[in-house]
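Given next are the chains, with one letter for each unit.
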Amino acid sequence: MNANPFALWVYLSQQPLLWLTVTLFVYATADALSLATGRHPLANPVFHSMWIIAAFLLLTGTSYTTYFSGAQFVHFLLGPATVALAIPLYENRRTVLAAIVPMLAALVVGCITAIVSVVLLAKAFGLPKTVTLSLAPKSVTAGVAMGISESLGADASLAAVAVVLTGIMGAIIVTPMMNRIGIRDYRARGFATGLASHGIGVARAFQVDPVAGVFAGIAMGLNALVTSLLVPLLITFLMR
Amino acid sequence: MIASLCLILLCQLAGEIIVRALAMPIPGPVFGMLLLFILLLLRDRATLLARGPLQGGGVENAAKGLLAHLSLMFIPAGVGVVQRLDLLAEHGAAIVAVLAISVVITLLATVGTFLVIGRLMARNERPS
């Protein structure tokens with residue numbers, strides 16, 4: 001037994017093991033609580049895990065770099081998960097093909113709206129240029145958004161935070177909003193959710209309805225593709 | 001399981017290499033997704049490809065396993081908020097407001113376009 005418990009903390013806090021365990025433990029707990037509330041939108045497991053871990057790091061004076069040494073193993077999986085989106089696209093290719101025209105129209109309109117609205121709003125709110133650029137790819141999955149923001153010379157870590165916040169807000173807002181305006185087509189609801197709020201939205205859509213989940217996954221995959229092509233183009237027009 | 005994960009990683013790796021070699025403006029994993037999708041379509045035409053992870057739902061199961069835990073994967077990036085507390089103290093309220101308004105507008109524009117175009121299509125298909 002180590003005589004000094006502080007020495008043990010110093011040792012463990014420098015190891016990936018502790019931070020990987022913290023990430024999985026906090027998420028597993030937040031997810032169980034979300035299930036216990038019947039998947040209430042405000043019990044979003046990503047949101048609660050994020051602030052609990054952030055508060056824990058601040059309280060223990062742990063740097064994000066140290067935390068990320070463990071959490072990177074989870075973060076890495078965003079790349080393979082993006083590739084894995086080929087599966088729902090492939091398995092539902094007939095459903096997708098049947099709704100291809102409304103889907104492509106919604107994809108183009110939604111993608112442009114997501115980019116243009118956030119850039120114009122950020123300008124209207126007087127945010128600095130680097131912040132505005134970092135917010136532009138906020139509707140696509142984190143790995144892709146970080147890639148886009150790097151190529152724009154923006155702040156990739158701020159882009160990642162904007163992506164996660166957007167996903168959480170979309171996941172919280174979507175169900176009450178769609179219910180209130182009376183939209184019952186779960187293909188359209190799911191597609192909008194996946195397009196506006198990527199993986200966190202997809203997870204939410206699967207909680208609500210399986211068809212919504214499939215369309216959300218497809219929207220997320222297609223939006224990652226179209227956004228990475230459109231952001232550099234639209235930014236040159238919008239930031240003049 | 002390992003072969004299926006390997007196939008997914010190979011698609012990502014190939015995507016990464018092609019995107020960088022051709023200086024394409026899209027991220028490697030996105031191109032990897034396209035490669036895997038094309039590979040699955042080709043498998044259905046050429047039995048030569050239907051082996052290893054490309055038969056018996058191998059790669060499908062591995063992909064679904066990954067996608068089932070997609071929410072978890074956003075947490076490390078989200079916790080990055082601790083690095084940006086100075087920026088958030090200064091602009092936090094504006095950033096949250098901008099993102100919230102934009103996400104509502106995007107949801108409405110997307111769902112609206114989907115439904116309007118869907119209805120127009122259905123009307124045109126009906127014999128007059």
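Residues numbered from 1 in each chain as written. Chains lettered and ligands numbered in written order. Predicted model: local features only at pLDDT ≥ 70, side-chain atom pairs only at ≥ 80, totals over all residues. Heavy atoms only, no water.

K.L.:
Hey, could you run me through unusual backbone geometry in this one?
P.N.:
Keep in mind that most residues, glycine aside, have a negative phi and that most peptide bonds are trans. Residue and element names in this part refer to chain A. Non-glycine residue Arg39 carries a positive phi angle of around 60°. Tracing the sequence through the fold places Arg39 in the loop between helix H2 (16-36) and helix H3 (45-60). Despite not being glycine, His198 shows a phi value in the positive range, around 35°. (Helix = DSSP H or I, 4+ residues; strand = E, 2+ residues; numbered from the N terminus.)

K.L.:
Just to check I follow, could you spell out H2 of chain A for this structure?
P.N.:
For an α-helix, the turn length of 3.6 residues means that residues three or four places apart are oriented alike. Here H2 of chain A spans 30 Å end to end across 21 residues, near enough to the 30 Å set by a 1.5 Å rise per residue. Among all positions of H2 of chain A, only Trp19, Val22, Thr23, Val26, Tyr27, Ala30 and Ser34 of chain A are buried. All buried residues of H2 of chain A project into a common sector of 115° when viewed along the axis, lining one side. For H2 of chain A, the exposed residues set more than 90 degrees away from the buried face come down to Leu17, Phe25, Leu35 and Ala36 of chain A. Contacts from the buried residues of H2 of chain A go to helix H1 (5-13), H3 and helix H4 (64-76) of chain A together with helix H4 (70-73) and helix H5 (75-79) of chain B. (Expected span 1.5 Å × (residues − 1). Buried < 20%, exposed > 50% of the residue type's maximum accessible area, 1.4 Å probe, protein only. Arc of directions from axis to C-beta. Contact = heavy atoms within 4.5 Å.)

K.L.:
Could you clarify how one ought to interpret the packing of aromatic side chains in this entry?
P.N.:
Given two aromatic rings, one states the distance between the centres and the angle between the planes to describe the pair. All names here are of chain A. Tallied over the entire structure, the rule returns seven aromatic pairs over all chains. Between the aromatic rings of Trp19 and Tyr67, the centroid separation amounts to 6.2 Å while the plane-to-plane angle is 70°, which identifies the pairing as edge-to-face. One end of the pair, Trp19, is in helix H2; the other, Tyr67, is in helix H4, and 48 residues separate them in sequence. Residues Trp19 and Tyr67 agree in their burial class; the two are buried. Directly above the aromatic system of Tyr90 lies the positively charged group of Arg93, at a separation of 4.1 Å from the ring centroid. (Phe/Tyr/Trp six-rings, centres within 6.5 Å; stacked < 30°, edge-to-face > 60°. Lys NZ or Arg CZ within 6 Å of the ring centre and 35° of its normal.)

K.L.:
Teacher, can you tell me more about the environment of Gln207 of chain A here?
P.N.:
Residues and elements named next belong to chain A. On the secondary structure map, Gln207 appears in helix H12 (residues 186-208). Classification of Gln207 by relative accessible area gives partly exposed; the value is 32%. Sequence separation of Gln207 and Leu35 is 172 residues, and the distance between their C-alpha atoms is 9.8 Å. In this structure the side chain of Gln207 is engaged in a polar contact, spanning 3.0 Å, whose partner is the side chain of Arg204. (Polar contact = N/O pair within 3.5 Å; in protein donor to acceptor, adjacent residues only side chain to side chain.)

K.L.:
Where do I start with the pattern of salt bridges in this structure?
P.N.:
Should their charged atoms come close, side chains of opposite charge can pair. In this structure the tally under the stated criterion is eight salt bridges over all chains. Linking Lys64 of chain B and Glu91 of chain A is a salt bridge whose minimum nitrogen-to-oxygen distance equals 3.1 Å. Here Lys64 of chain B is found in helix H3 (residues 58-68), whereas its partner Glu91 of chain A is found in helix H6 (residues 86-91) on a different chain. Taking the relative accessible area as the measure of exposure, Lys64 of chain B reaches 41% and is therefore partly exposed. Between Glu16 of chain B and Arg20 of chain B there is a salt bridge, with its nearest N and O atoms 3.3 Å apart. Here the residue Glu16 of chain B and the residue Arg20 of chain B both occupy positions in helix H1 (residues 2-21), the gap between them amounting to four residues, near one helical turn. Given a relative accessible area of 25%, Glu16 of chain B falls into the partly exposed group. One continuous salt-bridge network, built from bridges that share partners, spans Arg93 of chain A together with Arg43, Asp44 and Glu60 of chain B. (Salt bridge = Lys/Arg side-chain N within 4 Å of Asp/Glu carboxyl O.)

K.L.:
So what exactly am I meant to see when it comes to the packing of helix H10 (residues 142-152) of chain A against helix H13 (residues 210-238) of chain A here?
P.N.:
In helix packing, the relevant descriptors are the interaxial angle and the interaxial distance, both defined with respect to the helix axes. All names here are of chain A. Viewed as axis vectors pointing N to C, H10 and H13 meet at an angle of 20°, and their least axial separation amounts to 10 Å. The angle between H10 and H13 places the two elements in the roughly parallel class. Here H10 and H13 pass one another in a crossing that is right-handed. Note on element contacts: H13 touches H10 through Ala224, Thr227, Ser228, Val231, Pro232 and Ile235, opposite Val144, Ile148 and Leu152. (Axes fitted to C-alpha atoms, helices over the stretch in contact; angles between N-to-C directions. Parallel < 35°, antiparallel > 145°, perpendicular 65-115°, else oblique. Left-handed = near helix turned anticlockwise from the far one by under 90°.)

K.L.:
How should the UniProt feature "transmembrane region" (unreviewed entry) in chain A be read in this particular structure?
P.N.:
All names here are of chain A. Under the present numbering, the feature "transmembrane region" (unreviewed entry) in UniProt falls on residues 17-37, 49-67, 73-90, 97-122, 156-174, 186-206 and 212-238. Here residues 49-67 runs as 84% helix and 0% strand, with 14 Å between its end C-alpha atoms. The span residues 212-238 is 100% helical and 0% strand by assignment, and the distance between its end C-alpha atoms comes to 33 Å. (UniProt positions renumbered as here; feature names shortened; annotations may be inferred.)

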